[in-house]
Structure formats: structure tokens, C-alpha cells
Number of protein chains: 2
Amino acid sequence: MSDFLQPQQIEEQSFAIITELLGDRVFPPDEEPVIKRVIHTTADFDYAENLTFSPDAVEKGVEALRSGCHIVTDTSMAMAGINKTALGRLGGRVHCFIADPDVAAEARTRGMTRSAVSMEKAAALDCPCIFAIGNAPTALMALDRLIKAGRVKPALVIGVPVGFVNVVESKERIIKSGVPHIVARGRKGGSNVAAAICNALIYEIGR
Amino acid sequence: MSDFLQPQQIEEQSFAIITELLGDRVFPPDEEPVIKRVIHTTADFDYAENLTFSPDAVEKGVEALRSGCHIVTDTSMAMAGINKTALGRLGGRVHCFIADPDVAAEARTRGMTRSAVSMEKAAALDCPCIFAIGNAPTALMALDRLIKAGRVKPALVIGVPVGFVNVVESKERIIKSGVPHIVARGRKGGSNVAAAICNALIYEIGR
């Protein structure tokens, strides 16, 4: 066992092992790198089953990023995990308003979660955005309301909140909403999964 | 489905559901909050099986944090996920050297990963530290070498790197090393898991 492998070699070996372990499973070519990067991030092969893509979701996400689209996320963890250098080369930025004092104050006043209020603040951005939700179902539900109200039109919604309360339902709402989406059906997901999907889309542009 | 639940209510409901889903499973009382918080973070019940604790690992970690021990981690994602406000109230801080220019330069010179070199930089800190490794097996292997060389004596090692290359082996090394540890055996883990375990230990002090 060598610990002198470089990250690039480790990643190539990891993807080869993932491909081997997936055996005969065949995925749509555009979805495969997203699915494999999420498995690479979690070592959890359930994502080969639960990741759900709307038609051309990957192509739409990649094209938006290629055009300098920004990314909005619900957690500082997801923001930390997104490759901001590679995104920046495309002209994009990551926005996360969860820790903003005005968001906290409004959440207290209205009895909502900061996650939900942070989506309303993001909806006011005047640039095309991909919304990547890795933690809070309340953020995904707020986003669904904003979309239905015509207050925001995301280039893509990455809906992968994790947990046990309202998580499954919030994802099904997005799947039914008609917005371009990549969703992890069921309870699983997370900020790491949200970041992995964003990075998979960004890296497709480098290929 | 209400999206006006507050985070505290959502968390309480989530832990109640996790407890229900775990059924008759009985865990050591000190390990149970750690195991449940990791499941809360991942919705992955495999962690009820793969989390491995050295004797009194939780007590040792909690006591160290109560005494103002710092936390070293291998990723900015884990650093983002650790509750730094609660840690700060105990006198602790989080350190992550992965993005430091001197670490990158030395990694290039020596043909090592930045993760491994960042552990050597952390070993030079002159305060008691918990090491929480959520991503890089090379960081965990470097830490094991530093421990064996007597260059660092962690209060606790949280060994939860994720992946397919050297990950399982790096965790088994830490389990055999005799250092107090909480390890997710096998391939699974992640920065989110590392942060969840740190937070579980921090929150025990609030109880």
C-alpha cells in the first residue's frame, strides 16, 4: 500500500474500481459520470439506483455552466466542496446565504428556517443559477414555491437533501415540478453529494 | 408536510425516527449518540454496523473537548461542517492546512499528497488535538506514521476517509495503532461523517 500516489492517480484507480463493481450495469452516457462521482464521494452504490434525472438534465446543467451560470447552495459544506477554481474559469461563482444576518433575522420574524429564507434571497440574484440543495428539505420546498410563483427559473435543480423529515416529499415535489433536475430519490443525499454532482458537471466541460 | 418546522424540531423528529428504525438494536450508551448522528447525517444505516470505537473513545474525546482541545481535519468541507461556535465556547478551534501554499509546495517537492503533508504541519501544533480525517487515506496513513514516530499524540483519531484506494487499509492501521479512535470500517465515510462525529462529541458536553 503506497501513500505516495497522487490524487489524480487515486481518482483514476477509484473510478476503475467503481466501474468494475458496477459490473454489467449500463447507464445513459451523460448520466454515468455524475452517478460514478457520487459513488466515488460516498462509496454508497445505492446512488446507482436512486439518482433520477429529468430529460437532458446533465446537458442542460453543463451548458449553463459553460455559459458562466452561478451555483446557489444551502450549506457552507456544499460550498466548500464545489471546485470553485474550475467553476471560476467558466465565469461562475458559488452563493450560499445561510449564514447571512439578514436571512437569520427574517427567518426569526417569519418563523421559517434560514434555509428556506436563503432560497428567497437567492431567487433575487440577477444571473442564471443552478440550485444545489444538499441538506435542507425546507430549502427545496421553498425553491419549489418560488418556481411555481414564477420568482425564479433555475437552470437546473440538484435536489439531494438528506434525512428523515419531509425529505422524500420535498424531492418528489421537485420531480413533479417540471424543472430540470437531478434528484436522489429517498432519504439519502447530503452536502457532499450536492458538491459531487456540481463538480461532475463542471468536469464534463474539461473533457 | 410543513416547511415551517424549526431545525431543532426537525432534528428531534429525525432522531426519534432513527431510533424507531434501529428497532431492538442496543448500543453502548456513550457510542449511541455518535452512531445516531452519523445516520442522521447520511441516512445510511450501514454506520450502525461499521463504526468501531476503541475503549472509552467517546469519553476521551468529550473530555479532551471539554478541556479546550482543538480539532485538525483534512478537508475544508469537514471544517465547514463542524460547529465552530459550540467548539469555540469550549475554547477549541478547527485547523485545516490542506489549502496552505507551503503545504502544496512541500507536497510537490516530496511527491506526497497535500493531505499527508498537512498532517505533518498539524503534528507541529503545540496544543492537544483531535484528528478528524474524512477524505484522504494518505492523511490517515501519514498520521499513523507520525504517531508511531512519537511526533504526535492525538487525544482521539476520527478515521473516516471514504473511497476505494487504500481506504480500508488505512483505517485498519489506525485500529491496530493503539491510539484512541472512532473509525468507520470499510470504504464508507466522508467529510460529512467526520464533521458529524465531531459535533456529536461537542453536543454531549451540552447535555
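Along each chain, residue indices are assigned from 1 in the same order as the chain's sequence is written. Numbering of ligands from 1 and lettering of chains from A proceed in the order in which they are written. Given that this is a predicted model, residues contribute local features only at a pLDDT of at least 70 and side-chain atom pairs are listed and counted only at 80 or more, while totals for whole chains, interfaces and linings are drawn from all residues. Note that the side-chain values use all heavy atoms of the structure and ignore hydrogens as well as water.

## Some details on the overall build of chain A
Thinking step 1. By the criteria applied, helices consist of DSSP H or I runs no shorter than four residues and strands consist of E runs no shorter than two, each listed in order from the N terminus. The helix and strand tally for chain A stands at 11 helices and six strands.
Thinking step 2. In this setup the radius of gyration rests on C-alpha atoms only. A globule is expected at 2.2 Å times the number of residues raised to 0.38. Expected size for 207 residues packed as a compact globule is a radius of gyration near 17 Å; at 17 Å, chain A falls within 12% of this value.
Thinking step 3. Taken over the C-alpha atoms alone, chain A extends approximately 55 × 35 × 30 Å along its principal axes.
Thinking step 4. Here's how the labels work: a residue is buried when its accessible area is under 20% of the maximum for its type, exposed when over 50%, partly exposed in between, all with a 1.4 Å probe on protein chains only. Residues counted as buried form 61% of the 207 residues belonging to chain A.
Thinking step 5. We call two residues in contact whenever any of their non-hydrogen atoms come within 4.5 Å of each other. The long-range share in chain A, meaning contacts at least 24 apart out of those at least 6 apart in sequence, stands at 63%.

## A word on the relation of the copies chain B and chain A
Thinking step 1. Here the copies were fitted onto each other by least squares, based on C-alpha atoms from residues at pLDDT of at least 70 in both. It takes a turn of 180° to lay chain B on chain A, together with a shift of 0.0 Å along the axis; the resulting RMSD is 0.0 Å. What the rotation and shift describe, once combined, is the action of a two-fold rotation axis. In terms of proximity to the rotation axis, the leading residue of chain B is Met77 of chain B, whose C-alpha is 2.5 Å off the axis.
Thinking step 2. A share of 100% of interface residues in chain B that are also interface residues in chain A marks the association as one of identical surfaces.

## Focus on the confidence of the model for chain A
Thinking step 1. Scored between 0 and 100, pLDDT is the confidence that the predictor attaches to each residue. Per-residue pLDDT for chain A has a mean of 95; in total, 98% of the residues score no lower than 70.
Thinking step 2. Among the scores for the predicted complex, ipTM is 0.95 and pTM is 0.96.

## Considerations on the interface of chain B and chain A
Thinking step 1. On the side of chain A, 45 residues touch chain B, which itself brings 44 residues to the contact.
Thinking step 2. As a working definition, buried area equals the accessible area (1.4 Å probe) given up by two parts on being put together, with both sides summed. Summing the contributions of chain B and of chain A, the shared interface buries around 3600 Å²; its carbon and sulfur component is 66%.
Thinking step 3. By definition here, a salt bridge exists when the distance from a side-chain nitrogen of Lys or Arg to a carboxyl oxygen of Asp or Glu is within 4 Å. Where chain B meets chain A, there are zero salt bridges.
Thinking step 4. By the criterion applied in these results, polar contacts are pairs of N or O atoms within 3.5 Å in which, for protein atoms, one can donate a hydrogen and the other can accept it, and in which residues neighboring in sequence qualify only through two side-chain atoms. For the interface between chain B and chain A, the tally reads one residue pair in polar contact (both at pLDDT 80 or more).
Thinking step 5. Elements with a minimum of two residues in the side of chain B that touches chain A: α1 (7-22), α2 (32-42), α5 (76-81), α9 (137-148), α10 (167-177) and α11 (191-206) of chain B.
Thinking step 6. The greatest single-element share of the side of chain B that touches chain A, amounting to seven residues, is contributed by α1 of chain B.
Thinking step 7. Side-chain classes are defined by residue name, with Ala, Val, Leu, Ile, Met, Phe, Trp, Tyr, Cys and Pro counting as nonpolar, Asp, Glu, Lys and Arg as charged, and the others, Gly among them, as polar. Of the residues assigned to the side of chain B that touches chain A, the class counts are 19 nonpolar, 17 polar and eight charged.

## Section: the side chain of Glu120 of chain B
Thinking step 1. Mapped onto the fold, Glu120 of chain B is located in helix α8 (residues 114-123).
Thinking step 2. Residue classification places Glu120 of chain B among the buried residues on the basis of a relative accessible area of 15%.

## Quick word on the sheet that holds strand β5 (residues 156-159) of chain A
Sheet strands associate in pairs through backbone hydrogen bonding, adopting either a parallel or an antiparallel arrangement.
All names here are of chain A.
Thinking step 1. Here, strands pair whenever DSSP counts at least two bridges between them. Here we have six strands laid out as an open sheet, ordered β1-β6-β5-β4-β2-β3, and mixed in their pairing. Only two strands of the sheet have a single partner each, and these edge strands are β1 (51-53) and β3 (94-95).
Thinking step 2. Relative to strand β6 (residues 181-184), β5 runs parallel, the two being bridged by three bridges. Bridging across to β6, Val157 finds its partner in His181.

## Quick word on the pairing of strand β2 (residues 70-73) of chain B
Moving residue by residue along a regular strand, the side chains alternate between the two faces of the sheet.
Residue and element names in this part refer to chain B.
Thinking step 1. Residues His70 and Val72 point to one face of β2 and Ile71 and Thr73 to the other, with burial holding for every one of them.
Thinking step 2. Note that β2 and strand β4 (residues 129-133) share four bridges and pair parallel. From the neighbouring strand, Thr73 faces β4, where its bridge partner is Ala132.
Thinking step 3. Taken together, the two bridges between β2 and strand β3 (residues 94-95) define a ladder with parallel strand orientation. In the sheet register, Ile71 faces β3, and the bridge partner there is Val94.

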